[in-house]
Amino acid sequence: MATPRQVPGKGMLFSVLILLITGSALPAGAQLQLDDPRWQPWLGCWEAVGEPDDAPVLCLAPVSGEDGIEMITLIDERVVSREMILANGQDHRVTEEGCDGWERAEFSDDAHRVFFNSQFVCDGDVHRTSSGVMSMLRFPSEWLDVRAVEVDGQSVPWVLRYRIASQADFEAAGLTDMADKRLSVESARIAASSALTLGHVIEASSKVDPEVVKAWIAETGEPFALDASQLTRMADAGVPGGVIDVMIAVSYPGDFVLNTGDGVDPPVRASYETRDGI
């Protein structure tokens, strides 16, 4: 995985934790058979913005007969791993790398975002929890992976921004027929990249760590039309005060400034760049 950017105000990084269940391989040149259409916006190969040219590339491919999606990791256009993501809202038991626990993924109510949660107990009785959200951006060939990992009470949020990778990566992952579905996939990405609303924030606040929601809102930078009734609505819905503060800050940047803390610069928002993938 690519190195995540740390969210302001924290002092260390943890590695990516995604809901992973070993999956079957997708033969090169296989025809795409997507059983769960909610995954359609995410189909294709993606590279992390701001990473070296030899950084891993993630490819998300359908698996015939499965409700999930296969995540293929490439390094130098070579497949190094294949794993399955099942966004069915169920806890899946996982034992790996000295840790034992469960992982869960689920779509948002409108199917435009994916929420992740996990809990593990690792060697030495170290307790680790993680939550996150995958969210398309308004220019629909980029998306955010926002996570917060807590280990023994210390929470560390971070953000990765992905954009479409090269055609060579699509070919290496066996996604050679993506061009035939260009219009369908692009349309799904546009639909999934709608502006954030109060309802989206309320839902996310009930699904993932508040640090994830704060980092997500700050990274998208989209303003909200806020008034007293809407602030009351969010408070009544249980949205944490820190999340509401960030919403106010991005909505009125001339009056409020996000506290980056510890002298750490905020995440750099990468510019949109079209490549020769889909």
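Residues numbered from 1 in each chain as written. Predicted model: local features only at pLDDT ≥ 70, side-chain atom pairs only at ≥ 80, totals over all residues. Heavy atoms only, no water.

Draft legend 1. Fine view of the overall build of the protein chain. When helices and strands are counted, the protein chain shows six helices and 12 strands. Burial statistics for the protein chain: of 278 residues in total, 52% are counted as buried. The contacts in the protein chain between residues at least 6 apart in sequence include a share of 59% that link residues at least 24 apart. A total of about 12400 Å² of accessible surface is found on the protein chain, and carbon and sulfur atoms cover 49% of it. (Helix = DSSP H or I, 4+ residues; strand = E, 2+ residues; numbered from the N terminus. Buried < 20%, exposed > 50% of the residue type's maximum accessible area, 1.4 Å probe, protein only. Contact = heavy atoms within 4.5 Å. Areas by Shrake-Rupley, 256 points an atom, 1.4 Å probe, with all protein chains shown as cover.)

Draft legend 2. Broad picture of the pairing of strand β5 (residues 69-75). The buried count for β5 comes to six of seven residues, which makes it a mostly enclosed element. Alignment of strand β4 (residues 57-62) against β5, held across six bridges, turns out to be antiparallel. The partner of V57 across the bridge, within β5, is L74. Strand direction decides the pairing type here: β5 and strand β6 (residues 78-85), joined by seven bridges, are antiparallel. Among the inter-strand pairings, I69 is bridged to a residue of β6, identified as I85. Between the antiparallel neighbours β5 and β6 lie two residues, among them D76 with a positive phi of about 55°. (Pairing = 2+ DSSP bridges.)

Draft legend 3. Region of the structure containing unusual backbone geometry. Phi is positive for E77, which is not a glycine, with a value near 60°. One can find E77 in the loop between β5 and β6. The class of E77 is partly exposed, set by a relative accessible area of 47%. A positive phi angle, close to 50°, is found at D152, a residue other than glycine. Among the residues examined, D152 registers a relative accessible area of 55% and is labelled exposed.

Draft legend 4. Spotlight on the packing of helix α4 (residues 210-220) against helix α6 (residues 241-251). In contact at an axis separation of 9 Å, α4 and α6 are set at 5° when each is read in the N-to-C sense. With respect to each other, α4 and α6 are oriented roughly parallel. For the pair α4 and α6, contact is made by P210, V213, K214, I217 and A218 and by G242, V243, V246, M247 and V250, respectively. Partitioning the contact of α4 with α6 into residue classes produces eight nonpolar, one polar and one charged. (Axes fitted to C-alpha atoms, helices over the stretch in contact; angles between N-to-C directions. Parallel < 35°, antiparallel > 145°, perpendicular 65-115°, else oblique. Nonpolar A, V, L, I, M, F, W, Y, C, P; charged D, E, K, R; others polar.)

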